[in-house]
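Letter by letter, the chains look like this.
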Amino acid sequence: MSILDQGPPDYKKMIPPIIKDNYGKWIYHEIPKPGVLKHVSETGDELFSVRVGSPRLISLDFVRNLCDLADAYCDGYLRFTSRNNVEFLLSDASKVEPLIAALTEKGLPVGGTGASLSNIVHTQGWIHCHTPATDASGIVKAVMDDLFEYFGSMKLPAKLRVGLACCLNMCGAAHCSDLAIVGVHRTVPRINDEKIAKGTEIPSLVASCPTGAIRPNPKAKSVTIVDDKCMYCGNCYTMSPGMEIMDGKNDGCAILVGGKVSNARNVPSFSRMVIPFLPNNPPRWPEVTDAVRMIVEVWIAHARKGERMSEWIERIGWERFFTLTDIPFSDKLIDDYIFSRETFRTSATFKY
Amino acid sequence: MSILDQGPPDYKKMIPPIIKDNYGKWIYHEIPKPGVLKHVSETGDELFSVRVGSPRLISLDFVRNLCDLADAYCDGYLRFTSRNNVEFLLSDASKVEPLIAALTEKGLPVGGTGASLSNIVHTQGWIHCHTPATDASGIVKAVMDDLFEYFGSMKLPAKLRVGLACCLNMCGAAHCSDLAIVGVHRTVPRINDEKIAKGTEIPSLVASCPTGAIRPNPKAKSVTIVDDKCMYCGNCYTMSPGMEIMDGKNDGCAILVGGKVSNARNVPSFSRMVIPFLPNNPPRWPEVTDAVRMIVEVWIAHARKGERMSEWIERIGWERFFTLTDIPFSDKLIDDYIFSRETFRTSATFKY
Amino acid sequence: MTEKKTPQLDELEKGQWPSFVTEIKKAAATNAASEDLLHLLERSYEDRIGHWKHGGIVGVRGYGGGVIGRYTDLPEEYPNLAEFHTIRLAQPAGWFYDSKALRSICDIWEKHGSGLTNFHGSTGDIIMLGTTTDHIQPAFDEFSEAGFDLGGSGSDLRSPSCCVGPARCEYACYDTLEACHNITNEYQDEIHRPMWPYKFKIKFSGCANDCTASIARSDCSVIGTWRDTIQIDQDAVKQYAADGLDIQDRVCDKCPTRCLKFNSETKELTVIGEDCTRCMHCINYMPKAIRAGKVKGATILFGGKSTIVQSAFMSWVIVPFMKMESEDDFAEFKDLMGRVWEWWDENGKTRERIGETIYRLGMGKFLRECELPPVPQMVFRPRANPYVFWPQDEIIK
Amino acid sequence: MTEKKTPQLDELEKGQWPSFVTEIKKAAATNAASEDLLHLLERSYEDRIGHWKHGGIVGVRGYGGGVIGRYTDLPEEYPNLAEFHTIRLAQPAGWFYDSKALRSICDIWEKHGSGLTNFHGSTGDIIMLGTTTDHIQPAFDEFSEAGFDLGGSGSDLRSPSCCVGPARCEYACYDTLEACHNITNEYQDEIHRPMWPYKFKIKFSGCANDCTASIARSDCSVIGTWRDTIQIDQDAVKQYAADGLDIQDRVCDKCPTRCLKFNSETKELTVIGEDCTRCMHCINYMPKAIRAGKVKGATILFGGKSTIVQSAFMSWVIVPFMKMESEDDFAEFKDLMGRVWEWWDENGKTRERIGETIYRLGMGKFLRECELPPVPQMVFRPRANPYVFWPQDEIIK
Ligand code: SRM
Ligand code: SRM
Ligand code: SRM
Ligand code: SRM
Ligand code: SF4
Ligand code: SF4
Ligand code: SF4
Ligand code: SF4
Ligand code: SF4
Ligand code: SF4
Ligand code: SF4
Ligand code: SF4
């Protein structure tokens, strides 16, 4: 029988003894090698965490495999990170290398610490969602393969946090990522009068459109769209199945860069669009992986040590970002939504 | 008979010979003393400009007086500046001091150059406009009297540009001033049905309200106002005399600071509200002059050399501006209009 | 079925990053739904569109959220995906597990689901990916037995999450795990029974590094901070200098307020305490030498959300500093939360996140009606327009 | 009348700043309207409101703007202010006058007006303050004879203005006076006959110091700049250093892009040309040593206006660099102006400034329809939302 409202399992029962003993007593950490964190407590205890990349969409075999490794090396304790990596928690330093060897043998990459590329926060895509403009897991796999060297090393100028969202709902919260890949629709929803008539509350549907593009069509018990006003956000589709927005020929991805979340040094910032559209070319989305690699490499070549994407771009200026990356600038990249005014250059100073 | 469309007088006919000869050839300038500019040409010629404060609202006697002085010292040539000061243009260095002596004798202040307070750009107020929330010339006189020492000296941290606008139309363009005094209404317009019925186009009047507070009142051929939505901008009064907004008991001034126009160093910035209301207390508006002096003195005490108001505040932070000036912070100072989002602190970093 | 080929997906088994295709195939070996999923995905790769129908409401007894209904639009061809719902399980604070708990999840999902899962979903839940309507309740019953409960979905409180905090991080300014656990438990009703204008997310980060991305990804961000001044251990500073760290360049010059002074002769580092904005940079660089102040707590920010509809918002400061140590402090937080939710519930339109409601109605109204004292810390800068709404009681009649 | 007292205004004759009250009194000595004005103003100081009626349309033959009608709401008490209109006269470029011209204005206004004036109005005109309806046409006729024409008012082009520029400033990157004069003359029709959605202002500043505040105060701001790199005279740099200027502190450290390097040994100053944003700071500080580049011209910005209604806007970059030397260059400017006005005229709502129209309809539409190439210089940063309107011809059908 089910127990209602029991809440999540108690974390206290699942943290390893070394953490219980040193809870809140950590005084510093080091990164002895990529993927390994060593935390030192004021008690003198040392905790080793080995961070492992995960595809996130995993089978039970994968989970059990993790359990086996945890049992063998960490008394059964492990955790996941806020970016969906796995962390094995070891109190015994001597087990670190054997664990890494076992992981490597199983093809599980160790890395994601310090100045590296961590796992890509992403979403469902064609695996499970009803509104995607692109797949999630597929592109993530293609990009992580391509940039693999930066996961297991710490040779980037700074952390690189990539996010992917398969539609503008942005479940991957890509809006504040160093680099974001966002699924975008590009065509006006096709209205299915029948579906709308069946189950949709017309006033809510009309109200759902941020640009006021939707008009009631009382005759059909449905709606019409003023094509010119539609910017394909898909919000109407979320409200009603009759607003069919997926379009195999025209859906694809936009690339945004320069977002950041931490407050360290500069304040958090939004990611900003630099490429409005790249086609969906499964299985490996070569246009996307190329664009991502190119941007990352230009950043590596030009950023100062410690400079995240946003800091680098804000220092050199967006004008020069476009020059250095050779990405064509177009009016599509200029904001025309509510807060556009703040993005216009209200100053006679700029670079070429 | 009038000549239509002849355009403004030709400036070429009114510039002094020394300027004609050295037009575009100036290579540098110096400020030998407050109010005096010395421009040196590549030809070796030297031009002296003596800058004189003007109340702007002047009689013909005043103008003729200027003419007499110009005739006596500058072969009849003078100009006005973009801040309504007068500039006497002398090609003969030896006449500078005698001119200054003559000016001083007539009570005309010399100054406004370099790190000084220049003239206050202002508007009509009760002298000539139909919508003012405060007077213009009166406050300007009171403030300039109070800060007089800073006009004739150059001991401020940097330029201080004060603007005054007697209503939110902001003809004084106070929106980008180091310090701005802005006339504000605080009560909902009183509707005069008769006047509205007589000459107002109701739909335009309704549309003129930025917050949608105005509703048609077809019965009275007039309108009503949703009081809660009105923020007293006065735009409806500009559209119709029937929206009486002047209110002798509740009109007054707001103080804004930290605006800037030049592109030197930091980009141009808007002035920001720090005191939402001070009463109209003619003839000398002591609350206003006190507040202005206090802010200016805190700036003087804390700014680094060369730091304009905006640079100083942005360096120390607005939190500290309020601490240092002891001005009470209130929700009235928090934006709640279209671009408010950009002003919210979306960061966990701040000072106390 | 076994005849069908997946040439495109097979390509994604190549390369060094672990492959989700391999994972689906592993599940497909023993589960027909997963096998269908593999082929449906291949089909999507061909068609370049998703093959899932819009929405669908399914759930468990007593709850209003926690399960996402999903049906393929090609049920004839992929009959095992005719129903393929997702169950969201609330994760333990900090995502800490022992293998026993994980194995119990596996055993249940083997019986009732596709054998596929996401560890974890973007909000933080464990995502049990793919089951049929019939299996939802039995699966839930067993998860429940094993100590797991559902997370949120729909217009409710979503599963709060927190960073690893004091469990493994020297920077934590409050106990993120305890706060998250305590507060999550308080709000089980709000999580399980949607009743608000829209979803609401809370994330707890132990310091301004914000390792849960709370400022971007939650309606309420609880970010650890301190009220006094950073503590500097000069011996440790000297050690860093001796070890070759260029303190001037890497630390002082990157301090956003330039309030750190390094004396290159004495090798001492001093701070102008009142100028420091607690950004964490210097502490990140020199954890052995610089620590947070002693008066620790959290900044409470509201309004974060992503792009749809009004634009993405980041959370903004509402309470600059709140103690977060004891049950009493949590009570203060909950009291605040109660006022804020009540206000939003009363004022928010359907599908309007709290940030959008505040933006639409104005911070002033929000603050006044939630009895929150306005302070300059709430804004980067004051308003540039003079459009002040004036309270009637301050007007001379 | 002479009985009436003005105790409040008398207070404003005290103090060191020249007094407008004294000025009104001087005019009042010989002019009844000015005398009434003095007393009406005293009345306003008592009542704390203005005493002018709303609007009123008056004008001269052949023109639609240039005169502001004004009537007191207390005509019985102040009969000489029953009509008290303002005439706006277009100022000469750079506000240069000789005493002859000024005296001619005085003589005419003595006959036809109150004897009061503003040198100048905020837009730049000479403001002839206060006359009656009857006198408007004769006054205009005489001003016209004396070489003066009306400025703008209403929904027309307002009198453009310009900084002192090459007439007296070493920083001028183009001839602001000639540009202003030439362009003002081209558009006499647009100035005198209102026909647009709303007013339109142009200001010309010779460099980025923007001494006409054009970026804040005009719909079109023409700001001098250069396309290549600043020129540094090393001997003069050395001289500044020798004279005691702390070049590192006052110049290099305040350069917004930190692209100036001062070698304290060789006393040489170098610039990373590609990083310089041409902000003018270093030139302002060291005019003898640093000059603008050789390829001079102007940046054209659009959209500036003050607060009413949508908020204040500052002008933003539309053409990063345009030559401004010859008649040909002015023609290019006029061509641009023509396209922009046509677009605004077609798309703008009544009382919508061009900045507001562009904001409402989007920069993309504006640029495409005015045939302006989009460049990154137009924005501080690209859009944060992904809401791109996609042109039909780029879509696969
Ligand atoms: C494990 C994890 C917390 C958790 O509860 O899961 C974590 C753990 C640590 N973070 Fe973090 N961060 C974690 C997600 C984040 C995030 C959130 C995200 O990426 O979505 C951020 C914000 C990212 C952003 O700004 O966009 C984040 C921004 C930081 C920063 C600030 C970096 C900066 O300079 O901007 C630090 C400080 C540093 O690295 O010097 C930091 C520092 C740390 C430290 C060093 C804290 C400590 O002493 O233990 C931990 C090891 C860092 C490392 O990997 O080198 N952590 N950290 C998360 C690991 C995610 C992963 O698998 O990669
Ligand atoms: C005469 C005038 C132009 C005109 O055509 O009338 C003028 C003349 C000069 N300005 Fe200006 N500026 C004039 C209004 C302005 C304005 C507009 C305004 O105040 O409304 C600005 C923008 C103010 C702002 O940013 O809010 C302005 C911002 C500057 C700057 C940039 C100051 C800064 O660092 O932000 C400089 C450079 C400097 O002072 O080093 C400058 C420099 C100069 C120089 C030195 C240029 C030169 O070499 O001749 C002139 C003498 C300045 C002085 O007074 O010390 N001028 N100057 C205006 C005098 C107004 C007055 O009577 O006070
Ligand atoms: C599963 C998950 C993506 C994932 O693969 O991780 C997800 C999946 C969906 N999200 Fe989400 N969202 C998920 C995290 C997010 C996040 C990220 C976060 O929480 O940190 C965001 C952005 C942050 C935010 O809340 O703004 C997010 C913003 C949205 C939105 C836009 C909401 C908005 O106000 O902007 C929608 C649309 C809606 O609610 O109607 C949405 C809607 C959806 C729906 C329910 C589709 C829909 O329109 O009904 C998706 C169901 C997919 C499926 O069939 O499984 N999802 N969604 C994440 C939840 C897993 C979990 O519980 O742990
Ligand atoms: C005379 C002058 C003020 C002064 O004392 O200097 C003035 C006076 C008036 N302005 Fe202005 N404006 C004057 C410069 C400005 C400026 C400053 C500037 O041009 O640099 C601005 C702000 C910049 C701008 O254009 O945005 C300005 C923004 C307004 C507005 C708001 C327009 C807007 O779009 O935001 C209005 C309202 C309107 O047009 O209906 C307005 C309206 C008015 C009216 C016509 C009142 C009205 O609502 O009909 C005022 C007539 C007063 C009178 O009876 O004499 N005036 N007005 C200035 C014109 C003198 C001249 O021609 O030289
Ligand atoms: S981003 Fe869009 S398509 Fe992707 S999971 Fe979220 S709602 Fe679904
Ligand atoms: S896709 Fe978005 S913009 Fe287009 S009609 Fe639907 S809700 Fe409106
Ligand atoms: S600011 Fe307002 S009151 Fe003052 S002159 Fe302009 S329109 Fe008239
Ligand atoms: S004063 Fe402004 S806000 Fe109030 S009713 Fe008039 S136009 Fe609307
Ligand atoms: S947010 Fe701060 S306390 Fe939490 S894990 Fe990150 S660095 Fe540690
Ligand atoms: S916490 Fe940040 S602001 Fe404070 S001293 Fe350190 S680097 Fe500077
Ligand atoms: S804007 Fe430049 S060119 Fe014009 S007067 Fe000012 S400093 Fe000189
Ligand atoms: S003009 Fe400005 S940006 Fe360019 S070098 Fe000089 S100070 Fe630096």
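Residues numbered from 1 in each chain as written. Chains lettered and ligands numbered in written order. Predicted model: local features only at pLDDT ≥ 70, side-chain atom pairs only at ≥ 80, totals over all residues. Heavy atoms only, no water.

Undergrad: So what about the domain arrangement of chain C? Which residues, and what values?
TA: Residue and element names in this part refer to chain C. Once the domains are mapped, chain C shows domain 1 (7-145), domain 2 (161-227 + 296-394) and domain 3 (231-291). On a C-alpha basis, the centroid separation for the pair domain 1 and domain 2 is 32 Å. Each partner contributes to the interface: domain 1 provides eleven residues, whereas domain 2 provides 14 residues. For the pair domain 1 and domain 2, the summed buried area comes to about 960 Å², and 59% of that belongs to carbon and sulfur atoms. In terms of surface lost to domain 2, no three residues of domain 1 exceed Y63, A93 and T123, which account for 41% of the buried area on that side. Inspection of the domain 1/domain 2 interface yields zero salt bridges. Inspection of the domain 1/domain 2 interface yields six residue pairs in polar contact (both at pLDDT 80 or more). Across the side of domain 1 that touches domain 2, the residue classes tally to four nonpolar, seven polar and no charged. (Domains from an automatic or database assignment. Contact = heavy atoms within 4.5 Å. Buried area = accessible area lost by both parts, 1.4 Å probe. Salt bridge = Lys/Arg side-chain N within 4 Å of Asp/Glu carboxyl O. Polar contact = N/O pair within 3.5 Å; in protein donor to acceptor, adjacent residues only side chain to side chain. Nonpolar A, V, L, I, M, F, W, Y, C, P; charged D, E, K, R; others polar.)

Undergrad: Explain the pattern of salt bridges to me, using residue names and the numbers behind them.
TA: What the rule picks out here adds up to 104 salt bridges over all chains. Where D335 of chain B meets R383 of chain C, a salt bridge forms, and the shortest distance between an N and an O atom there is 3.7 Å. Here the residue D335 of chain B occupies a position in the segment after α10 (318-325), and R383 of chain C occupies one in the segment after α14 (363-369), the pair thus bridging two chains. A relative accessible area of 4% places D335 of chain B in the buried class. It is possible to trace a salt-bridge network through shared partners that takes in D146, E149, K155, R293 and E297 of chain A. (Helix = DSSP H or I, 4+ residues; strand = E, 2+ residues; numbered from the N terminus. Buried < 20%, exposed > 50% of the residue type's maximum accessible area, 1.4 Å probe, protein only.)

Undergrad: So what's going on with the packing of aromatic side chains? Which residues, and what values?
TA: For the structure shown, the criterion picks out 62 aromatic pairs over all chains. Ring centres of W285 of chain A and Y45 of chain C lie 5.5 Å apart, and the angle between their planes is 90°; this geometry places the pair in the edge-to-face category. Highlighted residues: W285 of chain A in the loop between β14 (272-279) and α8 (286-302) and Y45 of chain C in helix α3 (residues 32-47), drawn from two different chains. The cationic tip of R353 of chain C hangs over the ring face of Y198 of chain C; the distance from NZ or CZ to the ring centre is 5.9 Å. (Phe/Tyr/Trp six-rings, centres within 6.5 Å; stacked < 30°, edge-to-face > 60°. Lys NZ or Arg CZ within 6 Å of the ring centre and 35° of its normal.)

Undergrad: Outline the interface of chain A and chain C, supporting the account with residue identities and numerical values.
TA: Between chain A and chain C, the contact holds 117 residues from the first and 117 residues from the second. Carbon and sulfur atoms supply 59% of the area that chain A and chain C bury against each other, a total of about 10,200 Å² over both sides. Of all residues in chain A, W126, H128 and R265 of chain A give up the largest surface area on contact with chain C, accounting jointly for 7% of the area buried on that side. Applying the counting rule to chain A against chain C returns eight salt bridges. It is helix α2 (residues 60-74) of chain A that contributes the most residues to the side of chain A that touches chain C, eight residues altogether. Class assignment of the residues belonging to the side of chain A that touches chain C gives a composition of 58 nonpolar, 38 polar and 21 charged. When strand β4 (residues 57-59) of chain A meets strand β4 (residues 116-119) of chain C, the two strands line up antiparallel, connected through three bridges. Among the inter-strand pairings, L57 of chain A is bridged to a residue of β4 of chain C, identified as N118 of chain C. (Pairing = 2+ DSSP bridges.)

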